[in-house]
Amino acid sequence: MLQLTPQSRVFLAREPADFRRGIDGLAALCRQRLGEDPMAGAIFVFRNRRGTSLKLLCYDLGEAPRYVE
């Protein structure tokens, strides 16, 4: 479960993402396209090409990634 607080930062990728990528691939998109560090605790939202699905990527500070489909 993700907990949103007033301090939470959420980034939405405008371009569709290839959902065949794993966690590492989506983290690379965070760095390349959004220019943000995925390990900083923000929530990153990606959509597929048809716009029918979303995936969220969030790393807890110092812990394993959370990956929500």
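Residues numbered from 1 in each chain as written. Predicted model: local features only at pLDDT ≥ 70, side-chain atom pairs only at ≥ 80, totals over all residues. Heavy atoms only, no water.

A. Focus on the overall build of the protein. Summing up its helical and strand segments, the protein has 1 helix and 4 strands in all. The order of helices and strands in the protein, counted from the N terminus, is β-α-β-β-β. Taking all 69 residues of the protein together, the buried fraction comes to 29%. Sequence separation of 24 or more characterises 41% of the internal contacts of the protein that already satisfy a separation of 6 or more. In the structure as shown, the protein presents an accessible area of about 5,000 Å², 50% of it carried by carbon and sulfur atoms. (Helix = DSSP H or I, 4+ residues; strand = E, 2+ residues; numbered from the N terminus. Buried < 20%, exposed > 50% of the residue type's maximum accessible area, 1.4 Å probe, protein only. Contact = heavy atoms within 4.5 Å. Areas by Shrake-Rupley, 256 points an atom, 1.4 Å probe, with all protein chains shown as cover.)

B. The pattern of salt bridges, seen in detail. With the rule as written, the count across this model stands at 3 salt bridges. Among the salt bridges present, the one from glutamate 36 reaches arginine 9, with a minimum N-O distance of 3.0 Å. Taken as a pair, glutamate 36 in the loop between helix H1 (23-32) and strand E2 (43-47) and arginine 9 in the segment before strand E1 (10-12) lie far apart in primary sequence, 27 residues in all. Look at glutamate 36 and you get partly exposed, because its relative accessible area is 25%. Its relative accessible area of 43% is what places arginine 9 among the partly exposed residues. Between aspartate 18 and arginine 20 there is a salt bridge whose closest N-O contact spans 3.0 Å. In this structure aspartate 18 comes out as partly exposed when scored by relative accessible area, which is 32%. (Salt bridge = Lys/Arg side-chain N within 4 Å of Asp/Glu carboxyl O.)

C. Inspection of the packing of aromatic side chains at higher detail. Under the definition given, this model contains 1 aromatic pair. Ring geometry for phenylalanine 11 versus phenylalanine 44: centroids 5.3 Å apart, planes at 15 degrees, classification stacked. Remark: phenylalanine 44 occurs in strand E2 and phenylalanine 11 occurs in strand E1; sequence separation between them is 33 residues. (Phe/Tyr/Trp six-rings, centres within 6.5 Å; stacked < 30°, edge-to-face > 60°.)

D. Here's a closer look at the nonpolar core. Core analysis: the biggest nonpolar cluster contains 12 residues, these being Ala13, Ala17, Phe19, Leu26, Ala27, Leu29, Cys30, Ala42, Phe44, Phe46, Leu57 and Tyr59. Elements with a minimum of two residues in this core: H1, E2 and strand E3 (54-59). Take this core: its biggest share by element is 4 residues, from H1. With sequence-adjacent residues up to four places away left out, alanine 42 is seen in contact with Arg9, Phe11, Leu57, Cys58 and Tyr59. (Core = buried A, V, L, I, M, F, W, Y, C linked by side-chain atoms within 4.5 Å.)

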